[in-house]
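# Observations on the three-dimensional arrangement
Below are the chains, spelled out letter by letter.
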Amino acid sequence: MINVVRIHHNQGASVVDIEDGDDEPAASEPEDEENDEIDESDVDTVANHKEQLEKLKRQDPEFYKYLEENDKQLLDFGESDEDGDDNEEGDGEEAEEQAGDEGDEEMDESIVITAETIQTWKSQLAKNSLAAVRKTLLGFRAACAMGDVDGDDNHAFSYKIEDSAVYSSMVVTCIKYVPNVIKNHLIPKSEEGKENVSVSKSPKWKKLKPFVKSYASNLVRLLKQMTDVAMVRFVVRESENAISFFTAFPKLGKEYLKLLAKLWADANEKIKVVAFLCIRKLAVSNPQPYLELSLKGTYLHYMEAARMTNRVTWNNLAFMSSCITELASLHPPTTYQLVFLYIRQLAMLLRSALMSATKESFKKVVNWQFVRCISVWSKTLGSLCHTERAKDETAEMLRPLIYPLVQIGLGSMRIKPSAKFFAFRFHITSSLTELMRSTGTLIPLGPFLFEIFDSHELRSKGSPSTLKPPQFSTSIKVPNAYLGTRTYQIALVEETLHLLYEYHDALATSISFPEFSIPAIVKLKHFAKKSGNPQISKPVQQLVDKLSQNSKWVEQKRSNVDFSPKDEDKVVCDLIKQALPNL
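Residues numbered from 1 in each chain as written. Predicted model: local features only at pLDDT ≥ 70, side-chain atom pairs only at ≥ 80, totals over all residues. Heavy atoms only, no water.

Tallying secondary structure elements over the chain gives 27 helices and four strands in all. Of all 583 residues assigned to the chain, the portion counted as buried reaches 48%. For the chain, the accessible area works out to roughly 28900 Å², and carbon and sulfur atoms hold 50% of it. (Helix = DSSP H or I, 4+ residues; strand = E, 2+ residues; numbered from the N terminus. Buried < 20%, exposed > 50% of the residue type's maximum accessible area, 1.4 Å probe, protein only. Areas by Shrake-Rupley, 256 points an atom, 1.4 Å probe, with all protein chains shown as cover.)

If you want it as structure tokens, here you go:
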């Protein structure tokens, strides 16, 4: 029977009990436990062990000679699972045992790790010692097990830690030095410095696979239990150096990606940045399947965070949106498939709301998640299909997605045309305006803004109110108390004029601007004439003057051109090169 060391925690110290029992798995994937049982007869049989050594000597005499000269104890290292499927994960127990349990001297008690012990291992790691790697990984495993409340107390540990300072030093030492030593043995010098180097293709992979697996599985285990911000940031930042370890084990890689996505969504700002850098590197190093998984994971976390949109979360949502755009730019074919899927989901929600016309179906459209969906995909398509990249293959591939997204945005503004939900209309209009500005696509947003001037809310005489102006940027509807008040009327006019400024500014350099601005000029003049409130009529007249001024400037410039409307390239580019007063 195998001696089992159980570690309990009592006021910061570890209490060790030794009893007999079967070795239980200690790691992260319990679904494969039944396939990872150790054959004790194979471990204890001397003949079988010698046969394995002879096999290693025949297959790789150079590596065998290296181990014999540098560390003969390492030759006790078991290799019974070398020929297993490299893509199958198991629960990490095999890796941990092969990384050193079978090579340890028989002992009645676990060895207590001290600061001097760690310093000795550091000096040995500096010499690329595999023996030091094995011992450090065993110490790292013991450190990770200390804080794992779901861990198995019956697992045997060669080392134990009884001091918090030693615990921190053990974690830092392993995470900072072990990956470099393992890479030094796995990656040939000719491939050093190259990106996307696969460690699993190394000739020495089968020998060092248990080391890699032990490190990766325990790092995932550690990330699940850590709460200290500085320590989490350090572990995540340093884990970027071991991305190739996770790509070698798909299940561990997916679990690692889930942890990164959760930290990216919920953690401190400093952790968010390093977590995203790791997500991006994972997606770049192995696009299939990690790019698709990264986009899906970040998008789902983004939508969950969008439920709580307010002043506090606004900057965080903007950061998350930028990260999704960055991931989407890595591989256009994958981006097209996912964006098409998510736009289709929005279309189905809108169709259901229009067909059923129930209160519940309306709530599925008129909410922050729907608004943020339109926003993030408008930003993504605007960036990848920008006018400066008009002839780019990426822009050509993704441009067909603009039309359905615009149709969904326009349709959603018809769901709730009442004055109470004008804020929802403002958000959709703002997103589509940015899309129009970036891609040069004409989107008919003017009529949706002109409707606000014709609404009952602005035609009626507002009642005096002491309410503060509503904050449209952080709301999609206003309380009933605002309806019919002068405060709300003034706020509506100001926000509508602001969006009309942005809308016309997107086409300010277009040679067709004079004709494009005519509906707005006519409508605004009519509204200013009927309005009896100077606080409303004065800013309206200012916008009319600006639109008229820009129209005259464009007319003056285009009267001197030497091309006709059929010369499309000149029509688009000529006026853009000219200096233009800002609207």
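Still more to cover.
Turning our eyes to something else, we now look at the side chain of T335. Examined against the element boundaries, T335 turns out to sit in helix α15 (residues 332–356). When its relative accessible area of 2% is taken as the criterion, T335 is described as buried. Other than its neighbours up to four places away in sequence, T335 contacts L295, A328, S329, L384 and L398. (Contact = heavy atoms within 4.5 Å.)

Further remarks concern the packing of helix α25 (residues 518–530) against helix α26 (residues 534–558). Any two packed helices are characterised by the angle at which their axes cross and by the distance between the axes. Taken N-terminus to C-terminus, the directions of α25 and α26 make an angle of 155 degrees; their axes are 9 Å apart at the nearest point. Looking at the two axes, α25 sits roughly antiparallel to α26. In this structure, α25 crosses over α26, and the sense of that crossing is left-handed. From α25, A520, I521, L524, K525, F527 and A528 reach across to α26, where they touch I536, S537, V540, Q541, L543, V544, L547, S548 and S551. (Axes fitted to C-alpha atoms, helices over the stretch in contact; angles between N-to-C directions. Parallel < 35°, antiparallel > 145°, perpendicular 65-115°, else oblique. Left-handed = near helix turned anticlockwise from the far one by under 90°.)

Tallied over the entire structure, the rule returns 13 salt bridges. Between R237 and E238 there is a salt bridge, and its shortest N-O distance comes to 3.6 Å. A relative accessible area of 36% places R237 in the partly exposed class. For E238, a relative accessible area of 17% puts it in the buried group. Taking the shortest distance from any N to any O, the salt bridge between K523 and D454 comes out at 2.6 Å. With K523 in helix α25 and D454 in helix α21 (residues 446–454), the pair connects residues that are 69 residues apart, well separated along the chain. Here the salt bridges do not stand alone but share partners, grouping E434, R437, E502 and D505 into one network. (Salt bridge = Lys/Arg side-chain N within 4 Å of Asp/Glu carboxyl O.)

Okay, unusual backbone geometry next. The residue after Q288, namely P289, is reached through a cis peptide bond having omega 10 degrees. Here N128, not a glycine, exhibits a phi torsion of approximately 60 degrees, which is positive. Tracing the chain through its elements places N128 in the loop between α5 (115–125) and α6 (130–146). Its identity is not glycine, yet A357 carries a phi of approximately 55 degrees, on the positive side.

Looking now at the packing of aromatic side chains. Where two aromatic rings form a pair, the distance of their centres and the angle of their planes describe that pair. Scanning the model with the defined rule gives 15 aromatic pairs in all. Ring geometry for Y503 and F516: centres 5.3 Å apart, planes at 55 degrees, overall tilted. Placement of Y503 in helix α23 (residues 486–505) and of F516 in helix α24 (residues 513–516) is noted, with a sequence separation of 13 residues between them. Grouping residues by exposure puts Y503 and F516 together as buried. Members of the aromatic cluster, connected to one another through ring pairs, are F426, F472, Y482 and Y488. Above the face of the W314 ring, R372 is positioned so that its terminal group lies 4.9 Å from the ring centre. (Phe/Tyr/Trp six-rings, centres within 6.5 Å; stacked < 30°, edge-to-face > 60°. Lys NZ or Arg CZ within 6 Å of the ring centre and 35° of its normal.)

With that out of the way, let us pick up the environment of P332. As for its position among the elements, P332 is in helix α15. Considering only alpha carbons, one finds P332 and L384, 52 residues apart in sequence, at a separation of 8.9 Å. Beyond its immediate stretch of four places on either side in the chain, P332 contacts T394, M397 and L398.

Residues of α21 that are buried include every one of G446, F448, L449, F450, I452 and F453, and no others. Tucked into the core, α21 has its buried residues touching α19 (402–412), α20 (422–439), α22 (456–459), α23 and α25.

The subject of this paragraph is the nonpolar core. Counting 153 residues, the largest nonpolar core has I175, Y215, V236, Y256, W264, L432 and L524 as the members making the most contacts within it. Top element by residues in this core is helix α8 (residues 205–225). It accounts for ten residues. Once residues within four sequence positions are removed from consideration, Y256 is found in contact with V220, L223, S239, E240, I243, F246, C278 and L282. (Core = buried A, V, L, I, M, F, W, Y, C linked by side-chain atoms within 4.5 Å.)

Time to look at helix α14 (residues 311–328). The terminal C-alpha atoms of α14 lie 27 Å apart, and with 18 residues this matches the ideal 26 Å at 1.5 Å per residue to within 8%. Looking at the buried residues of α14, the elements they touch are α11 (250–266), α12 (269–285), α13 (287–305), α15 and α17 (368–384). Taking the backbone nitrogen of V312 as reference, a side-chain oxygen 3.0 Å away marks N310 as the first, capping residue of α14. (Expected span 1.5 Å × (residues − 1). Polar contact = N/O pair within 3.5 Å; in protein donor to acceptor, adjacent residues only side chain to side chain.)

So, on to the side chain of S531. You can see S531 is positioned in the loop between α25 and α26. Taking the relative accessible area as the measure of exposure, S531 reaches 19% and is therefore buried. Not counting residues within four places of it along the chain, the set of residues in contact with S531 comprises I536 and S537.

Moving on, we come to the confidence of the model for the chain. Scored by pLDDT, the chain comes out at a mean of 80, with 76% of its residues at no less than 70. α19 holds the highest mean pLDDT among the elements of the chain, 96, whereas strand β2 (residues 13–21) holds the lowest, 36. Scored below 50 in pLDDT, residues 574–583 makes 23 contacts in the model with residues more than four places away or belonging to other chains. (pLDDT = per-residue confidence, 0-100.)

Running from amino to carboxyl end, α14 crosses α17 at an angle of 45 degrees, the nearest separation of the two axes being 9 Å. Here α14 lies oblique to α17, going by the angle between them. Read as a crossing pair, α14 and α17 show a hand that is right-handed. Each of W314, L317, A318, S321, S322, I324, T325 and A328 in α14 lies in contact with α17, whose residues at this interface are W368, R372, V376, W377, K379, T380, S383 and L384. Its residues placed into classes, the contact of α14 with α17 shows nine nonpolar, five polar and two charged. (Nonpolar A, V, L, I, M, F, W, Y, C, P; charged D, E, K, R; others polar.)

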